[in-house]
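Read off the chains here:
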Amino acid sequence: MFTRPLEVDLSAVDSDGDGMSDVQERVAGTAPNDPAAYFRVAGIPAAGEIAVIFAAGRAYRLYSSTNLRQPDWWPVPDATDISGDGGRLVLSNVPIVDIQRFYRVTVAKP
């Protein structure tokens, strides 16, 4: 009898059903079995500011773009490779000119 090993794509498993895969949650430092724990923006205190709950041992980057149809995401100066400490931190792109901007935050496990 010949059997093949079962192949499972673990990158798509979302144990808690919160929309983030278990792999994404491990990278972000959140609990893959807790639907209330997932990486997200915690608030927008002011124009050009993004608040995030930072996990210890992770690196964060803030990017901005002026166009979502064909986005060119540019790293925001002084808001890249920010080390997480487990608290809330505000990433800032201030001062900004009177241009509409869109932001995204990335997290990496160094």
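Use the structure listed above.
Each value, and the rule that gives it
- Residues numbered from 1 in each chain as written.
- Predicted model: local features only at pLDDT ≥ 70, side-chain atom pairs only at ≥ 80, totals over all residues.
- Heavy atoms only, no water.
- Pairing = 2+ DSSP bridges.
- Helix = DSSP H or I, 4+ residues; strand = E, 2+ residues; numbered from the N terminus.
- Axes fitted to C-alpha atoms, helices over the stretch in contact; angles between N-to-C directions.
- Core = buried A, V, L, I, M, F, W, Y, C linked by side-chain atoms within 4.5 Å.
- Buried < 20%, exposed > 50% of the residue type's maximum accessible area, 1.4 Å probe, protein only.
- Contact = heavy atoms within 4.5 Å.
- Lys, Arg positive; Asp, Glu negative; His and termini not counted.
- Salt bridge = Lys/Arg side-chain N within 4 Å of Asp/Glu carboxyl O.

Side note on the sheet that holds strand S2 (residues 49–53)
And then number 1: If you walk across this open sheet you meet the 3 strands as S1-S2-S6, and the pairing is antiparallel. The open sheet has two edge strands, strand S1 (41–43) and strand S6 (88–92), and neither has a second partner. Taken pair by pair, the neighbouring strands of this sheet meet at an average axis angle of 45°, ignoring direction.
And then number 2: In the sheet, S2 pairs with S6 via 5 bridges, with the strands oriented antiparallel. Looking at the pairing, Glu49 lines up with Ser92 of S6.

Digging into the nonpolar core
And then number 1: The biggest cluster of nonpolar side chains holds 15 residues, and the ones touching the most others in it are Phe39, Val52, Phe54, Tyr60, Leu62, Leu91 and Val105.
And then number 2: Mapped by element, the contributors of at least two residues to this core are S2, strand S3 (59–65) and strand S7 (102–108).
And then number 3: When sequence neighbours within four positions are dropped, the list of residues in contact with Phe39 reads Met20, Ala28, Thr30, Val52, Tyr60, Val105 and Val107.

Examining the environment of Val76
And then number 1: Its location among the elements puts Val76 in the loop between strand S4 (74–75) and strand S5 (82–83).
And then number 2: The exposure class assigned to Val76 is buried, which follows from its relative accessible area of 2%.
And then number 3: The sequence separation of Val76 and Tyr103 amounts to 27 residues, and the corresponding C-alpha distance is 9.4 Å.
And then number 4: For Val76, the residues in contact, after removing those within four places along its chain, are Leu62, Tyr63, Ser64, Ser92, Asn93 and Tyr103.

With respect to the side chain of Ser65
And then number 1: Here Ser65 lies in strand S3.
And then number 2: Judged by relative accessible area, which is 3%, Ser65 ranks as buried.
And then number 3: Discounting chain neighbours no more than four positions away, the residues touching Ser65 are Pro71, Asp72, Trp73, Gln100, Arg101 and Phe102.

So, the side chain of Asp16
And then number 1: Checked against the element boundaries, Asp16 lands in the segment before helix H1 (22–28).
And then number 2: Buried charge without a partner: Asp16 forms no salt bridge, and the closest opposite charge is Arg40, 9.4 Å away.
And then number 3: Ignoring any residue separated from it by four or fewer positions in sequence, one finds Asp16 in contact with Glu25, Ala31, Pro32, Asn33, Asp34, Pro35 and Ala37.

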